[in-house]
Amino acid sequence: MKVSGSWMAHPATQGVCAALVAAGYRALFVGGCVRNALLNVPVADVDIATDALPETVSTIAENAGYKVLPTGIDHGTVTVVAGGIAHEVTTFRRDVETDGRRAVVAFSTRIEEDAMRRDFTMNALYAEADGTVIDPLGGLPDLLARRLRFVGQAEARIREDYLRILRFFRFHAWYGDASEGIDPEGLAACAALSAGIETLSPERVGAEMRKLLAAPDPGPSLAAMAQAGVLARVLPGAEARAVPVLVHLEAARPPHWLRRLAVLGGEDPTDLWRLSRAESRDFGKVRDALHEDLSPAALGWKLGSLAEHVMLARAAMIGMAPPGGWEQEVARGQSAVFPVTAADLMPGLQGPALGARLKALEAQWLQSNLRATKETLLG
Ligand code: ATP
Ligand code: MG
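Residues numbered from 1 in each chain as written. Chains lettered and ligands numbered in written order. Predicted model: local features only at pLDDT ≥ 70, side-chain atom pairs only at ≥ 80, totals over all residues. Heavy atoms only, no water.

To continue, consider the overall build of the protein chain. Summing up its helical and strand segments, the protein chain has 22 helices and nine strands in all. Structurally, the protein chain occupies a C-alpha span of about 85 × 50 × 35 Å along its principal axes. Every one of the 379 residues in the protein chain was classed for burial, and the buried ones make up 49%. Counted over contacts in the protein chain with a minimum sequence separation of 6, partners at least 24 positions apart contribute 62%. For the protein chain, the computed accessible surface area is about 17400 Å², with 54% contributed by carbon and sulfur atoms. Charged side chains of the protein chain number 39 positive and 45 negative; the gap between the two group centres comes to 4 Å. (Helix = DSSP H or I, 4+ residues; strand = E, 2+ residues; numbered from the N terminus. Buried < 20%, exposed > 50% of the residue type's maximum accessible area, 1.4 Å probe, protein only. Contact = heavy atoms within 4.5 Å. Areas by Shrake-Rupley, 256 points an atom, 1.4 Å probe, with all protein chains shown as cover. Lys, Arg positive; Asp, Glu negative; His and termini not counted. Charge placed at Lys NZ, Arg CZ, Asp CG, Glu CD.)

Shown next, in the form of C-alpha cells:
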C-alpha cells in the first residue's frame, strides 16, 4: 500500500526527508497527512517522525540549508521550514508518566513505541518518503472502515490525557462512519471520565471544539457528546438538538464553526474556550441577533457577512426553513446605505439630541425594511 499526493511529492518535503535519511536516520510521514492521503481528502500539515534526536534533526536540517524553529523541543518536535512549508519533525517517543494533562516523554528508536503513544489507530499510520505505508498497530483496516478506535485501552489512554475525549468526538465527526455509529467502548470511557475535562486548559478545549464544529457534519458527534455528559462539561447548558437541522439548512455552504456554536446555546464560550477578541465579538453579535426580530435585509445591513449565520441558526432553532429569497434580502441589506447623515439634521440638532434623533431614524428605517427614503424619514 502506498500513499501519494502533491504535499508528499513537493521537492522541499522530499528534501527534508532525504537529508535525514542520508544521515542514517528514518524519516516517516505520520498522523494526519498519512490518514488523509489514504482517505483521499486534503492534507493540512506534514508531520514527520524520526529516530534522530531533536538536536540532531536541527543540525541536519540546518546543514541542508533549512530554517529550524524549536517549536516543541521539550516534546521532541522541531519545525523545519523548507520551500515555505512547515514540517513538524518529531523524534519517536514513548510516554513514561502522565498527570492527565501533560505527558512526560522519553525518546525512543522504535516505531512500535511511538505508535503506541498515539491516540487512535487511524492516527498511528506512517509512510516512507516514497509513500510506502507502515502500519505497526494494524490501524489500516480501521481507517479504511472509518472506524475510530483508541490505541490500547480507552480508559487508560484517556486518563493519560483528557483532551483525547474531545479528540475522539472530533475525529469521529471528520473521519468516522456515521452509519456505523461511534465506537461503544470509546464512548463509554469518555462518559465515565468526562469530569477530567475540567482539568484541561481553555486553549486546548477551544482548539478542539473549533475543529469539531467545522466538520462537514458534527451533528452525530455532538449528540453523542451530549449523551455522554461531555458537552455539558465543555459548554454548560449547551444542547445539540438544533445542529442536524442547521447542517441540513446549510446545504452546500462551507461549514463554519461559529454558526454551529450559535445553535448550541449555553454559557458564553469566550473564557471557556478562550475565544479571541474578534471571535467573541462576532459570536456576541450573532447570539444577540438570534433573539432580535430583524428582517433579513436589516440583518445584512447590521451584521454584514454574519447575517447569514443568524438567518440559518435562527431557522434551525425554530425548526423552520428561512423565508424564500432571504439571501437576496441579506445581500440587499449588506449593500444598503442609511440615507440620513448628521449633516441633514444640523444645525437644528446638536450633541446628544442629534445622536438620539439619528438612532430613532435608523430604527424607523430598519422598520421600513430599508425602504424609507431620506425624504420620508425627514418629512
Ligand atoms: P489534523 O492536523 O488534520 O487536525 P492530525 O491527526 O495531524 O490531524 P494533530 O493534532 O496534528 O492531528 O496531531 C498529529 C498526530 O499526533 C496525531 O495524528 C496523533 O498521532 C498524535 N497526537 C496528537 N495529539 C495527541 C494526543 N493528545 N494524544 C496522543 N496522540 C496525539
Ligand atoms: Mg496535524
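What follows is about the site of ligand 1. Inspection of the region around ligand 1 gives 14 residues, with Arg35, Asn123, Asp161, Arg164 and Arg170 positioned closest. Interatomic distance of 3.2 Å between a backbone N/O atom of glycine 32 and an oxygen atom of ligand 1. One of the side-chain nitrogen or oxygen atoms of arginine 35 is found 2.7 Å away from an oxygen atom of ligand 1. Computed on the free molecule, ligand 1 has an accessible area of 580 Å², of which 80% lies beneath the protein chains in the complex. Elements with a minimum of two residues in the shell around ligand 1: α3 (32–39) and α8 (163–175). (Near = heavy atom within 4 Å. Polar contact = N/O pair within 3.5 Å; in protein donor to acceptor, adjacent residues only side chain to side chain.)

Of all hydrophobic cores here, the largest spans 112 residues; its most connected members are Phe29, Ile165, Leu166, Phe169, Leu222 and Met225. Here methionine 225 is in contact with Leu166, Phe169, Met209, Leu212, Val230, Leu231 and Val234, once residues within four sequence places are set aside. Among the nonpolar cores identified, the runner-up in size contains 10 residues, and Phe92, Ile111, Ala115 and Val151 belong to it. (Core = buried A, V, L, I, M, F, W, Y, C linked by side-chain atoms within 4.5 Å.)

Another point: the pairing of strand β3 (residues 67–72). Direction of pairing for β3 relative to strand β4 (residues 77–82): antiparallel, over a ladder of four bridges. Note that in β4 the partner of valine 68 across the bridge is valine 80. Hairpin connection, β3 to β4: the antiparallel pair is bridged by four residues, and glycine 76 has positive phi, about 90 degrees. (Pairing = 2+ DSSP bridges.)

Moving on: the packing of aromatic side chains. A full pass over the atoms with the stated rule returns 11 aromatic pairs. Between phenylalanine 168 and phenylalanine 169, the ring centres sit 5.4 Å apart and the planes meet at 75 degrees, which makes this aromatic pair edge-to-face. Taking relative accessible area as the criterion, phenylalanine 168 reaches 0% and is therefore assigned buried. Judged by relative accessible area, which is 0%, phenylalanine 169 ranks as buried. (Phe/Tyr/Trp six-rings, centres within 6.5 Å; stacked < 30°, edge-to-face > 60°.)

On to helix α19 (residues 326–335), then. Within α19, the full set of buried residues consists of Trp326, Val330 and Gly333. Angularly, the buried residues of α19 cover 60 degrees about the axis, an arc narrow enough to put them on a single face. Those residues of α19 that are exposed and angled more than 90 degrees off the buried face are Gln328 and Ser335. Buried positions along α19 lie against α17 (296–303) and α18 (307–318). (Arc of directions from axis to C-beta.)

Pairing between strand β2 (residues 46–50) and strand β5 (residues 85–91): five bridges, direction parallel. Residue pairing across strands places isoleucine 48 opposite valine 89, the latter belonging to β5. When β4 meets β5, the two strands line up antiparallel, connected through six bridges. Residue pairing in the sheet places valine 81 in a bridge with alanine 86 of β5. Turn length for the β4-β5 hairpin, with the two strands adjacent in sequence and antiparallel, is two residues, and the turn residue glycine 83 shows positive phi of about 55 degrees.

Before going further, it helps to examine the pattern of salt bridges. Under the definition given, this model contains 29 salt bridges. Across the pair arginine 94 and glutamate 113 runs a salt bridge whose closest N-O atoms are separated by 3.7 Å. Here the residue arginine 94 occupies a position in strand β6 (residues 93–98), and glutamate 113 occupies one in helix α5 (residues 111–116), the gap between them amounting to 19 residues. Between arginine 253 and glutamate 327 there is a salt bridge whose closest N-O contact spans 2.4 Å. (Salt bridge = Lys/Arg side-chain N within 4 Å of Asp/Glu carboxyl O.)

To continue, consider unusual backbone geometry. With an omega of 5 degrees, the peptide bond between methionine 346 and proline 347 qualifies as cis. Summarising the element assignment, proline 347 is placed in the loop between α20 (342–345) and α21 (351–367). A positive phi angle, close to 60 degrees, is found at asparagine 40, a residue other than glycine. Its location among the elements puts asparagine 40 in the loop between α3 and β2. The phi dihedral of leucine 370 falls on the positive side, at around 70 degrees, and the residue is not glycine. Take leucine 370: it is sitting in the loop between α21 and α22 (374–378). Exposure remark for leucine 370: the relative accessible area of 9% places this residue in the buried category.

Turning our attention to the sheet that holds strand β8 (residues 126–127). The strand order β3-β4-β5-β2-β1-β8-β9 describes an open sheet built from seven strands, whose pairing is mixed. Only two strands of the sheet have a single partner each, and these edge strands are β3 and β9 (133–134). In terms of strand pairing, strand β1 (residues 28–30) meets β2 through two bridges, oriented antiparallel. For phenylalanine 29, the partnering residue across the bridge sits in β2 and is isoleucine 48. Together, β1, β2, β4 and β5 form the strand contacts of helix α2 (residues 11–22), whose direction differs from that of β5 by roughly 30 degrees. Strand contacts of α3: β1, β2, β8 and β9, with the helix running at about 75 degrees to β1, the strand carrying the most contacts. (Axes fitted to C-alpha atoms, helices over the stretch in contact; angles between N-to-C directions.)

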